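# A closer look at the structure
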Amino acid sequence: MTSNKNTPNRLKEILRVFLSVAIIVVGITHFTHPAQYVRIVPPQLPYPTELVYISGFFEILGGIGLLIPFVSVAAAWGLIALFVAVFPANINQALNSIPIEGIPHHPWLYWARLPFQAVLIAWAWWYTQNPEEQPGSFTEQL
């Protein structure tokens, strides 16, 4: 019988996989459907297509890294930086009501998405805390 002590860690690990897969899938869509992301890049930023590819690359890299104990803390910090870096695009989308394929076109959804960025940041930050307790960590093996 498993103890309740492991339940929080199990939930944390399930949510780690969920976040990783979600962020990898979104990163892949930056390459398969870049035009939808280019539309929301603020016009003040140069090279919007390249910025979309760069952000997609780092989303995929961060999602993979979050699953690898040795680099998961660095990957989590990288995802936090990425979530902050793409926030201007989310603001641009909300201000200008720019639709993205696969998301219902309702301006209030774009505004609701803005505080969700803080949730993503907090979620990634959770994986910077107590890395020695995560499965597969170097200290767990000692």
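In what follows, the structure referred to is the one given above.
Presented here is a report on the structure given in the accompanying data block. (Residues numbered from 1 in each chain as written. Predicted model: local features only at pLDDT ≥ 70, side-chain atom pairs only at ≥ 80, totals over all residues. Heavy atoms only, no water.)

## Some points on the overall build of the chain
Inclusion rule: Secondary structure elements are taken from DSSP: a helix is a run of H or I of four residues or more, a strand is a run of E of two residues or more, and numbering for both begins at the N terminus. Throughout this description, buried means an accessible area under 20% of the type-specific maximum (1.4 Å probe, protein chains only), exposed means over 50%, and partly exposed covers the range between. Areas reported here follow the Shrake-Rupley algorithm with a probe of radius 1.4 Å; residue values treat only the protein chains shown as occluding.
Helix and strand content of the chain: 7 helices and 0 strands. Reading the secondary structure of the chain in the N-to-C direction produces α-α-α-α-α-α-α. Looking at the chain as a whole, 33% of its 142 residues qualify as buried. A total of about 8800 Å² of accessible surface is found on the chain, and carbon and sulfur atoms cover 73% of it.

## A closer look at the nonpolar core
Put simply, the rule is: Among buried residues, those of type Ala, Val, Leu, Ile, Met, Phe, Trp, Tyr and Cys that are joined through side-chain atoms within 4.5 Å constitute a nonpolar core. Any two residues whose heavy atoms approach within 4.5 Å are treated as being in contact.
Ranked by size, the top nonpolar core spans 12 residues in total: Leu19, Ile23, Leu66, Ala76, Leu79, Ile80, Leu82, Phe83, Leu120, Trp123, Ala124 and Tyr127. Every element with two or more residues in this core is listed here: α1 (7-32), α4 (72-85) and α6 (107-126). For this core, the element with the highest residue contribution is α4, accounting for 5 residues. When neighbours within four sequence positions are excluded, Leu120 is seen to be in contact with Leu19 and Phe83.

## Focus: a nonpolar patch on the surface
What counts is decided by this rule: Patch definition: residues above 30% relative accessible area lacking any salt bridge, with like charges linked at up to 9 Å and the nonpolar side chains Val, Leu, Ile, Met, Phe, Trp and Tyr linked at up to 5 Å. The rule for a salt bridge is simple: a side-chain nitrogen of Lys or Arg has to be within 4 Å of a carboxyl oxygen of Asp or Glu.
A contiguous nonpolar patch, built from Val17, Val21, Val25, Ile64, Leu67, Ile68, Phe70 and Val71 and spanning about 720 Å² of accessible area, is present on the exposed surface. The element contributing the most residues to the nonpolar patch is α1, with 3 residues. The residue Ile64 is located in helix α3 (residues 48-66) in this model.

## Some remarks on the packing of α4 against α6
In a packed pair of helices, the relevant descriptors are the angle between the two axes and the axis-to-axis distance. Put simply, the rule is: Only C-alpha atoms enter the line fits that serve as axes; for helices the fit covers just the stretch in contact. Angles between N-to-C directions range over 0 to 180 degrees. Angles below 35 degrees are treated as roughly parallel, those above 145 as roughly antiparallel, those between 65 and 115 as roughly perpendicular, and all remaining angles as oblique. Helix crossings fall into two classes, left-handed where the near helix is turned counterclockwise from the far one by less than a right angle and right-handed where it is turned clockwise.
Two elements in contact, α4 and α6, have axes separated by 8 Å at closest approach and are oriented at 170 degrees. Judged by the angle between their axes, α4 and α6 are roughly antiparallel. Note on packing geometry: the crossing formed by α4 with α6 is left-handed. Seen from α4, the contacting residues are Ala76, Trp77, Leu79, Ile80, Phe83 and Val84; seen from α6, they are Gln117, Leu120, Ile121, Ala124 and Trp125.

## Quick look at the side chain of Thr128
Counted only if it meets this: Within 3.5 Å is the distance limit for a polar contact, defined as a pair of N or O atoms, with the added protein rule that one can donate a hydrogen and the other accept it, and that residues adjacent in sequence qualify only through two side-chain atoms.
Along the chain, Thr128 turns up in the loop between α6 and α7 (138-141). Its relative accessible area of 10% is what places Thr128 among the buried residues. At a separation of 2.6 Å, a polar atom in the side chain of Thr128 contacts the main-chain carbonyl oxygen of Trp125.

## Here's the deal with the pattern of salt bridges
Evaluated as defined, the whole model comprises 1 salt bridge. Between Glu13 and Arg16 there is a salt bridge; the shortest N-O distance is 2.8 Å. On the criterion of helical spacing, the pair formed by Glu13 and Arg16 is a turn pair, its members being 3 residues apart in helix α1.

## Details of the packing of aromatic side chains
Using the following cut-off: Here a Phe, Tyr or Trp ring, Trp counted by its six-membered ring, pairs with any other such ring whose centre lies within 6.5 Å, and the pair is stacked when the planes are under 30 degrees apart, edge-to-face when over 60, and tilted otherwise.
Throughout the structure, instances matching the rule amount to 4 aromatic pairs. Their ring planes at 15 degrees and their centres at 6.0 Å tell us that Phe18 and Trp123 sit as a pair that is stacked. Within this pair, whereas Phe18 is found in helix α1, its partner Trp123 is found in helix α6, the two being separated by 105 residues in sequence.

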